[in-house]
Amino acid sequence: MNQQSYEAVEALIPKNYVQQGRDARRTHEKQIQILLQQKKLPDEGWSNFRIELLIKELSLMDSNNFPEKAGVGEREGRIFSELVAQRHYRLGHGIGRSGDVTAVQPKAAGSSIMTKLTTSMVLDLIRRNGVHSAKSCLLMPVATGMALMIVLLALRQIRPKGRYVLWPRIDQKSCFKCIISAGFEPVVIENVLEGDELRTDLNALKKRLEKLPNDQILCVMTTTSCFAPRGLDKLSEVAQLCKAYGMPHIVNNAYGVQSTKCMHHIEEGLRIGRIDAFVQSTDKNFLVPVGGSVVVSRDEGIIRAISQTYPGRASVAPTLDLFITLLSMGSKGYRDLCVKRKENFKLLKDGLKEVAEKHGEKVLHTPNNPISIAVSLTSLSEMDQSNWTEFGSMLFLKSVSGTRVVVPAVEKTIGDYNFCNWGSHSNSYPSAYLTAAAAIGMKPHEVETFLKRLDKVFSKFKRKHCAPVAPLAPVDLVKEDLEEPEAASNQSGSSDASPMSTRGQSGLCLVLLCT
């Protein structure tokens, strides 16, 4: 209500009551004003009431919500279902324009304001989490793989002759498919084994940079967050190589924002070398539904080129989800979640060590992977290969999700490219293993439940697939066979021993062998 409205209601109720209500509203308006002026993530999370107050104010600024509109275009933000309209707070126009996904849309002033605020809050959070060099970011209405593909297409404008993408191997399909879907040729750099951990082969990467024509290499694409036993790529060293060879460098930081280690390595790479952009998922880092990603750079020109590469307008849904979630969390809320994630990582790792040792396995030593943990499954190598994946299925049937059972000799074809030992990030990783991750939002009780169920699955799996024990040869019980134990018992002075008790002991031994 405006000033005149407040004056009018003073005729209905006592003036002091009106003033109380007005003061309460001013508290909300003050926080909204600070957000609009500073464009930074609030320290404390907002209430649902305040968030909805702001969203509804913004929604009123979109033309489809004007009270006396006359829309005669082909797209006027009309929504048939009232449920759908409520779900999106009647923000029907989307974001961007046909030539630029970040462009302000005349019909959608409110949606455009929300997009600008969300982008600013995400950039503020990225800086707070360790990448202080970040200068610009872009919220994309697509998941990480598609965002990486659009980044590669944008780089083509900078390096029009580029055809090769140098790619330290990570066995995750979308990371590879984004390269071939964009029309480029991946050059796979196999990892090297350092103890239990797979790391970047810097010598092999350098040889490729020297051997291939420089202008035909589009970029190097490295990875931070990944499944163990692969560690994050050696970003600082790769960034230095890219700087020396004048080569663009893109980092797949899919779920690395939640890890201060991953963010520190990106910052260090930016400081001493070259990183043109890094891409992260919204759902994996910020606890929103799947469908969005964030591209960050210290070069505003790169971000502008990427935003102009996206064809057409985009859905407002990923932006709205992230806008609501960031305001609900506040910077302190997100920081607390990251601290709890570290605590859960330690809880998970310690618990996995206990379960692994109990069953003759070990937790693989991967100090450069701060999120994912791998446990050896050496016992699988002694079993029929057709039974290997059953271990993971048994966990899933116990409502355990997110684990991966990786076994040797699995081949995978993606496009025209064949991979040996797919899933292990290597042609020759020495053993099968199981992975589990301590990601943001995990609860301690989930860790405890998982460990109990993993222990049970280990035991059940081994009972089911243990090596069969040869049956005892049949024995014909003749008089001499019966007399021998009896004579032995007489010599010992005991009258309790009998052929039945002897056979019972043999049967007990057989049971013990099977269990």
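Not measured: the values here are computed from a predicted model. (Residues numbered from 1 in each chain as written. Predicted model: local features only at pLDDT ≥ 70, side-chain atom pairs only at ≥ 80, totals over all residues. Heavy atoms only, no water.)

Engineer: Before we go on, may I ask you to explain the nonpolar core in this structure?
Structural biologist: By size, the foremost hydrophobic cluster in this structure holds 83 residues, and its most contacted members are Ile126, Leu152, Val295, Ile306 and Phe323. Contact partners of valine 295, with chain neighbours within four places excluded, come to Ser136, Cys137, Leu138, Met140, Val151, Ala277, Phe278, Val279, Gln280, Ile303 and Ile306. Core analysis: the next-biggest nonpolar cluster, separate from the first, contains 28 residues, Val375, Phe391, Leu451 and Phe461 among them. (Core = buried A, V, L, I, M, F, W, Y, C linked by side-chain atoms within 4.5 Å. Buried < 20%, exposed > 50% of the residue type's maximum accessible area, 1.4 Å probe, protein only. Contact = heavy atoms within 4.5 Å.)

Engineer: Please explain helix H9 (residues 235–245) as it appears in this structure.
Structural biologist: Given 3.6 residues to a turn, an α-helix orients residues that are three or four positions apart in the same direction. Those residues of H9 lying buried are Leu235, Ser236, Val238, Ala239, Leu241 and Cys242. For H9, the secondary structure elements touched by its buried residues are helix H8 (202–211), strand S6 (217–223), strand S7 (249–252) and helix H10 (260–272). Glycine 246 lies just past H9 and shows a positive phi near 60 degrees. (Helix = DSSP H or I, 4+ residues; strand = E, 2+ residues; numbered from the N terminus.)

Engineer: Looking at this model, I keep getting lost on the packing of aromatic side chains. Mind explaining?
Structural biologist: Aromatic ring pairs are reported here in terms of the distance separating the ring centres and the angle at which the planes meet. On inspection of all chains with the given rule, the structure shows 9 aromatic pairs. Ring centres of tryptophan 167 and phenylalanine 176 lie 5.1 Å apart, and the angle between their planes is 55 degrees; this geometry places the pair in the tilted category. The exposure class assigned to tryptophan 167 is buried, which follows from its relative accessible area of 0%. Taking the relative accessible area as the measure of exposure, phenylalanine 176 reaches 0% and is therefore buried. Joined through ring pairs, the aromatic side chains of Trp167, Phe176, Tyr417, Phe419 and Trp422 make up one cluster. In this structure, arginine 50 is placed above the aromatic ring of tryptophan 46, and the distance from its NZ or CZ to the ring centre is 5.5 Å. (Phe/Tyr/Trp six-rings, centres within 6.5 Å; stacked < 30°, edge-to-face > 60°. Lys NZ or Arg CZ within 6 Å of the ring centre and 35° of its normal.)

Engineer: Is there a simple way to explain empty space enclosed by the protein in this structure?
Structural biologist: A full pass over the atoms with the stated rule returns 2 cavities of 30 Å³ or more. Its boundaries defined by the atoms lining it, the largest cavity holds a volume of some 50 Å³. What lines the largest cavity is Ile95, Gly96, Val101, Thr102, Ala103, Val104, Ser111, Ser112, Thr115 and Lys116. Within the lining of the largest cavity, the residues separate by chemical class into 4 nonpolar, 5 polar and 1 charged. (1 Å grid on protein atoms, 1.4 Å probe; cavity = no way out; pocket = protein on both sides within 12 Å on 5 of 7 lines; lining within 4 Å. Points joined across faces, edges and corners; volume = space filled by probe spheres on them. Nonpolar A, V, L, I, M, F, W, Y, C, P; charged D, E, K, R; others polar.)

Engineer: Sorry, what's going on with the pairing of strand S1 (residues 136–140) here?
Structural biologist: Within a regular beta strand, the side chains point alternately toward one face of the sheet and then the other, so they alternate between its two faces. For S1, a buried count of 5 out of 5 residues is recorded, marking the element as mostly surrounded by other parts of the structure. Of the two faces of S1, the one carrying Ser136, Leu138 and Met140 and the one carrying Cys137 and Leu139 are both buried. With 5 bridges connecting them, S1 and strand S9 (residues 293–297) associate as antiparallel partners. In the strand pairing of S9, cysteine 137 is matched with valine 296. (Pairing = 2+ DSSP bridges.)

Engineer: Which parts of the structure should I look at to understand the layout of surface pockets?
Structural biologist: Which parts of space are left empty comes out when a probe the size of a water molecule is rolled across the atoms. Taken as a whole, the largest pocket holds about 980 Å³ of empty space. Lining of the largest pocket is provided by 42 residues; of these, Ser401, Gly402, Thr403, Ala437 and Ala439 occupy positions nearest its centre. At the level of secondary structure, the elements contributing two or more residues to the lining of the largest pocket comprise helix H6 (144–158), helix H7 (173–181), helix H11 (282–286), strand S14 (433–437) and helix H15 (444–465). Here the lining of the largest pocket takes 5 residues from H15, the largest share from any one element. A breakdown of the residues in the lining of the largest pocket according to their chemical character gives 20 nonpolar, 17 polar and 5 charged. In this model, the second largest pocket occupies a volume close to 360 Å³. Considering the residues around the second largest pocket, the lining is formed by 19 residues, among which Thr102, Thr119, Ser136, Cys137 and Ile303 are closest to the centre.

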